[in-house]
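# An overview of the molecular structure
Here is how the chains run, residue by residue.
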Amino acid sequence: MLNRPEYRKALVFCGLIGVPVALIAFWFLAAVNKLERLVWQEWPQDLGWQHAPWWWGLPLLTVAGLVVGVVAARFPGRGGHVPAGGLHAGGITKAALPGVVVAAMVGLPLGVVLGPEAPLIALGGSLALLFASLVRAPQTEASAGLLAAAGSAASISALFGNPVVGAVLLMEVAGVGGPQLFAVMLPALLASGVGDLIFTGFVHWTGFETGSLDIGLPKPPPLDWPDVLWVLVLAPVIAFAVHWIFVGGRFTAGFVTTHTVRNTTLCGIGVAVCVTLYAVSTGRSPAEAALSGEATLSELAKDPHAWPVGALIAVLAFKSLAYGLCLGSMRGGPIFPSLFLGGAAGALLAPLPGLGLVPAMAAGMAASVTAALKVPVSSVVLVVLLLGNVDTVALVVLAAVLAFVVVEMLPQGPEIPPFSAPESGRARRPGSKRP
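In this report, the structure presented in the accompanying data block is examined. (Residues numbered from 1 in each chain as written. Predicted model: local features only at pLDDT ≥ 70, side-chain atom pairs only at ≥ 80, totals over all residues. Heavy atoms only, no water.)

### Topic: the pattern of salt bridges
The criterion, for reference: When a carboxyl oxygen of Asp or Glu lies within 4 Å of a side-chain nitrogen of Lys or Arg, that pair is called a salt bridge. Between buried and exposed lies partly exposed: a residue is buried under 20% and exposed over 50% of the maximum accessible area for its type, with that area taken using a 1.4 Å probe on protein chains only.
Per the stated rule, a full pass over the model turns up two salt bridges. The shortest N-O distance in the salt bridge between E42 and K34 comes to 3.3 Å. For E42, a relative accessible area of 28% gives the class partly exposed. Overall, the relative accessible area of 40% leaves K34 in the partly exposed class. Ionic pairing is found between R284 and E288, a salt bridge with its closest N-O pair at 2.9 Å.

In structure tokens, the structure reads:
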């Protein structure tokens, strides 16, 4: 393939467009993060509150629902894919770019319980196609798909700060290799995780170490059999719960299509109520139940003792409800809220006999994000990157494989069109004819 001139030209062009796409993705992320801090931290403090008051999310999320509803009903591309359908790399067009940007720049900072990864994938792919048309590069169906995937990978790598995560995630999301990819990859992933557990156990029991890539960094306590046994129980349970959140999101998406603007606004109000109930019941900031959870997950990992058991239970309950509503009505990515829910569940269950905080959070995040995305390899790479701890890789792999198997065996709920045109009013009833 490298001997073909057209492929080499496409490779060079993909490398070149990666520069402007990554720069725009960087400033997009910087703007979203700055707006989130401004709305949920700086403005409440400027008004004299230590953190956002309990009612803060009510007007913000109502506005978010209204704006996203208008974008979904009137803009080309409907503001992007419905997140309850998972991440998508296809269906990206240049015409969809304004709607994707408006829905993300309004919804995410105002507290929508979704992350920026899906808008980034759409943004990168759309920009790549736009730049190709500006330089009048010849485009076929195959070259357009290649350019869109390259642009999406460049933008998503800006979010995770790691090119490997972006490449692996786009490979799995785009379905490169089809069903055979998972048929081969899943047994290999499971076998490698079990092999790592066996090697870890024998090194710990015998004291005899084989060759490894360890360069001598400090290690956490070694894994024990209780960690493994708890993962066998907890990963399926967490995956089961996250899966039904997504099923709820798919039913919410069906509700929204009957009257997009009105019902999306109602969903925004529902999310606001969940966030408000969390703040009222715990006395904590409503921002912990709103937003993607990326910053809150970092705070939880650094100081889990700052979260009482009641607060962890409340954030799991109310953020899950808000997440399900946002999955079917708003625009954004499903990764970071699922990571937070898995991490919070791990922190809640960490005091179980023989289970520690690091293994519990590692397994919880792996099971949760795998159940959300159904891409086990990308989930393992992402969780290991977040943890910065290679000693829990075996547990992460085991949790991801178990979660993937569980969710594949469960009913998936109603279908969601991956990408559709804007509607001209109310959705048509099944079987009705267009005038």
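### Description of the state of the cysteines
Convention followed: By convention in this document, the label disulfide applies to cysteine sulfur atom pairs within 2.5 Å.
Inspection of the entire model under this criterion finds zero disulfides. No disulfide involves C274; its sulfur sits 8.8 Å from that of C326, the nearest cysteine. With no disulfide of its own, C326 lies 8.4 Å from the sulfur of C267, the closest cysteine sulfur.

### A short note on the packing of helix 13 (residues 357-373) against helix 15 (residues 393-409)
Applicable threshold: To obtain each axis, a line is fitted to C-alpha atoms, and for helices this fit is confined to the stretch in contact; angles are then taken between N-to-C directions over 0 to 180 degrees. Only runs of H or I of at least four residues qualify as helices and only runs of E of at least two qualify as strands under DSSP, and these elements are numbered from the N terminus. A clockwise turn of the near helix away from the far one marks a right-handed crossing, whereas an anticlockwise turn of less than a right angle marks a left-handed crossing. When checking whether two residues touch, look at their non-hydrogen atoms; a contact exists if any pair is within 4.5 Å. Residue polarity is assigned by list, with Asp, Glu, Lys and Arg as charged and Ala, Val, Leu, Ile, Met, Phe, Trp, Tyr, Cys and Pro as nonpolar; anything else, Gly included, falls into the polar class.
Where helix 13 meets helix 15, the axes come as close as 8 Å, and the angle between the chain directions of the two elements is 35 degrees. In terms of crossing hand, the pair formed by helix 13 and helix 15 is right-handed. Touching P359, A362, A363, A366, A367, T370 and A371 of helix 13 are L395, V396, A399, A400, A403, F404 and V407, all from helix 15. Split by residue class, the contact of helix 13 with helix 15 holds 13 nonpolar, one polar and no charged.

### What about the side chain of T265?
Along the polypeptide, T265 turns up in helix 9 (residues 260-282). Sequence-distant contacts of T265, defined by excluding residues within four places in its chain, comprise T62, G65 and L66.

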